[in-house]
Amino acid sequence: MPRASSLPTKLIKGNLPSKTCLTCGRPFEYRKKWRSCWDEVKYCGEKCQRNKKRLFPANGEGF
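Residues numbered from 1 in each chain as written. Predicted model: local features only at pLDDT ≥ 70, side-chain atom pairs only at ≥ 80, totals over all residues. Heavy atoms only, no water.

Student: Got a minute to help me understand the overall build of the protein in this structure?
Tutor: A tally of regular secondary structure across the protein gives one helix and two strands. Look at the contacts in the protein between residues 6 or more apart in sequence, and 30% of them connect residues 24 or more apart. Split by element, the accessible area of the protein, about 5,500 Å² in all, is 51% carbon and sulfur. (Helix = DSSP H or I, 4+ residues; strand = E, 2+ residues; numbered from the N terminus. Contact = heavy atoms within 4.5 Å. Areas by Shrake-Rupley, 256 points an atom, 1.4 Å probe, with all protein chains shown as cover.)

Student: I'm lost on the packing of aromatic side chains in this one. Help?
Tutor: By convention here, two paired aromatic rings are described through the distance between centres and the angle between planes. As enumerated under the stated definition, the model contains four aromatic pairs in all. Clustering of aromatic rings is evident, with ring pairs tying together F28, Y30, W34 and W38. One residue, K19, lies across the ring of W38, its end atom 4.6 Å from the ring centre. (Phe/Tyr/Trp six-rings, centres within 6.5 Å; stacked < 30°, edge-to-face > 60°. Lys NZ or Arg CZ within 6 Å of the ring centre and 35° of its normal.)

Student: Explain the side chain of T23 here, please?
Tutor: As for its placement among the helices and strands, T23 is situated in the loop between strand 1 (18-20) and strand 2 (27-29). For T23, a relative accessible area of 6% puts it in the buried group. Of note is the side chain of T23, whose polar atom sits 3.0 Å from the backbone oxygen of C48. (Buried < 20%, exposed > 50% of the residue type's maximum accessible area, 1.4 Å probe, protein only. Polar contact = N/O pair within 3.5 Å; in protein donor to acceptor, adjacent residues only side chain to side chain.)

Student: I keep staring at the state of the cysteines and nothing clicks. Help me out?
Tutor: What we call a disulfide is simply a covalent bond connecting the sulfur atoms of a pair of cysteines. Within this structure, the stated rule accounts for zero disulfides. Between C44, a cysteine without a disulfide, and C48, which holds the nearest cysteine sulfur, the sulfur-to-sulfur distance is 3.6 Å. (Disulfide = S-S within 2.5 Å.)

Student: Explain the environment of L22 here, please?
Tutor: With respect to the element layout, L22 can be found in the loop between strand 1 and strand 2. For L22, a relative accessible area of 41% puts it in the partly exposed group. C-alpha separation for the pair L22 and C48, spaced 26 residues apart in sequence, amounts to 8.2 Å.

Remember that the coordinates give geometry; whether it matters functionally is a separate question.
Quick look at the structure:
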């Protein structure tokens, strides 16, 4: 099974990869449960995944 290519081999607390949620626009950090699918993670949590109709505008306006 291939490893996620964007992750370093050893993760250190305080130096974890982060992404921006597509629904709320807030940054969120890597979680251990996302180890095998970090490249596919788009939302910070279940609530944002359920409400993905309201996408955060890319330029940061509208909120």
